[in-house]
Amino acid sequence: MDVKIEAGWKSRLADEFNQPYFLELTNFVREEYTTRQIFPPAKLIFHAFDQSPFDQTKVIILGQDPYHGSGQAHGLCFSVPDGIELPPSLQNIFREISQDLGLPSPASGNLDRWASQGVLLLNSTLTVQANRAGSHQNQGWERFTDRVISLLAEEKEHLVFILWGSFAQKKGELINRNRHLVLTSPHPSPLSSYRGFFGNKHFSKTNAYLELHGILPIAW
């Protein structure tokens with residue numbers, strides 16, 4: 001099956017794209033885009049992979065679903081396009097960066113600037129119906145993104161996996177902590193941010209680990 005995705009990812013995921021479950025998933029997603037309002041725009045489903053090629057990926061931040069409000073989702077977890085109001089979770093992420101690194105909060109919530117530095121901003125489920133959170137869960141996306149995480153964990157060394165909330169932390173079972181740094185905390189949503197997200201210092205810890213292993217840190 002010919003999937004339009006960055007070449008490095010495409011070569012490693014070629015077998016996955018031909019699995020029966022992925023063909024079923026593709027048929028489901030195509031039907032959904034034909035009959036319903038689905039986010040992100042179809043051309044941006046694999047935007048995270050295109051922005052952070054396999055060979056350049058050094059940090060993985062894992063989300064759950066794309067945003068399901070109009071104009072918000074563009075294929076990167078937690079990110080919104082320029083000019084879109086910052087969602088509460090992203091506001092809290094920027095607040096933690098400010099507290100951790102002493103940086104001012106940016107005006108834009110577009111995280112392409114992180115992705116272009118090798119931060120894979122990966123949702124576990126890559127599509128969603130408008131105004132229906134979780135509507136595309138259990139259709140096959142989770143199996144696909146499990147494979148993505150396994151490939152990274154198996155083929156690379158000294159990656160940083162940032163897992164916020166119990167949903168993301170379940171994916172941590174796929175990662176060898178002797179080869180990679182796994183950072184966990186509560187989710188940055190307003191419901192849980194005060195239970196340990198604030199003060200987790202994940203951004204400075206990420207950069208310290210990268211620098212320890214001779215890898216260029218992220219300009220958060």
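Only a predicted model underlies this, so the values are computations on that prediction, with no experimental measurement involved.

Thresholds, definitions, all that
Residues numbered from 1 in each chain as written. Predicted model: local features only at pLDDT ≥ 70, side-chain atom pairs only at ≥ 80, totals over all residues. Heavy atoms only, no water. Axes fitted to C-alpha atoms, helices over the stretch in contact; angles between N-to-C directions. Helix = DSSP H or I, 4+ residues; strand = E, 2+ residues; numbered from the N terminus. Parallel < 35°, antiparallel > 145°, perpendicular 65-115°, else oblique. Contact = heavy atoms within 4.5 Å. Nonpolar A, V, L, I, M, F, W, Y, C, P; charged D, E, K, R; others polar. Pairing = 2+ DSSP bridges. Core = buried A, V, L, I, M, F, W, Y, C linked by side-chain atoms within 4.5 Å. Buried < 20%, exposed > 50% of the residue type's maximum accessible area, 1.4 Å probe, protein only. Expected span 1.5 Å × (residues − 1). Salt bridge = Lys/Arg side-chain N within 4 Å of Asp/Glu carboxyl O.

S.K.: If you had to explain the packing of helix α4 (residues 88–101) against helix α8 (residues 202–212) to someone new, which residues and values would you point to?
M.R.: It is at 8 Å that the axes of α4 and α8 come closest, and there the two elements cross at 60°. Viewed along their axes, α4 and α8 adopt a mutual orientation that is oblique. On α8, the residues that touch Ile93, Glu96, Ile97, Asp100 and Leu101 of α4 are His202, Phe203 and Ser204. Grouping the amino acids of the contact of α4 with α8 by side-chain chemistry returns four nonpolar, two polar and two charged.

S.K.: Tell me what's going on with the sheet that holds strand β2 (residues 59–63), and back it up with residues and numbers.
M.R.: Strand order in the open sheet formed by four strands is β3-β2-β5-β6, with parallel pairing between adjacent strands. Of all the strands in the sheet, the pair left with one neighbour each is β3 (119–123) and β6 (181–185). Each adjacent strand pair in this sheet contributes to an overall mean axis angle of 20°, direction not counted. As paired elements, β2 and strand β5 (residues 160–164) share four bridges and run parallel to each other. If you follow Leu62 over to β5, its bridge partner there is Leu163. Helix α6 (residues 141–155) rests against β2, β3 and β5 of the sheet, and its axis sits at about 155° to β3.

S.K.: How would you summarise the nonpolar core if you had to cite specific residues and measurements?
M.R.: Formed by 64 residues in total, the largest nonpolar core has its most connected members in Phe46, Phe49, Ile61, Ile93, Trp114, Phe144 and Phe161. A total of seven residues in this core trace back to one element, the largest contributor, which is α6. If we ignore the near neighbours within four places in the chain, the residues touching Ile93 are Phe78, Trp114, Trp164, Pro188, Phe197 and Phe203.

S.K.: How would you sum up α6? Please name residues and give values.
M.R.: If you check α6, its first and last C-alpha atoms are 21 Å apart, about what 15 residues at 1.5 Å a residue would give, namely 21 Å. Listed as buried for α6 are Trp141, Glu142, Phe144, Thr145, Val148, Ile149, Ser150, Leu151, Leu152 and Ala153. Its buried side turned inward, α6 meets α1 (7–17), α2 (20–35), α3 (47–51), β2, β3 and β5.

S.K.: Residue-level account of the pattern of salt bridges, with values.
M.R.: Any two side chains of opposite charge can pair, given that their charged atoms come close. In this structure the tally under the stated criterion is seven salt bridges. With its nearest N and O atoms 3.0 Å apart, the salt bridge here joins Arg36 to Glu32. What makes Arg36 partly exposed here is its relative accessible area of 45%. Residue Glu154 is joined to Arg147 by a salt bridge in which the shortest nitrogen-to-oxygen separation is 3.9 Å. Arg147 gets classed as partly exposed once you look at its relative accessible area, which sits at 31%. Through salt bridges with shared partners, one network takes in Arg12, Asp55 and Glu155.

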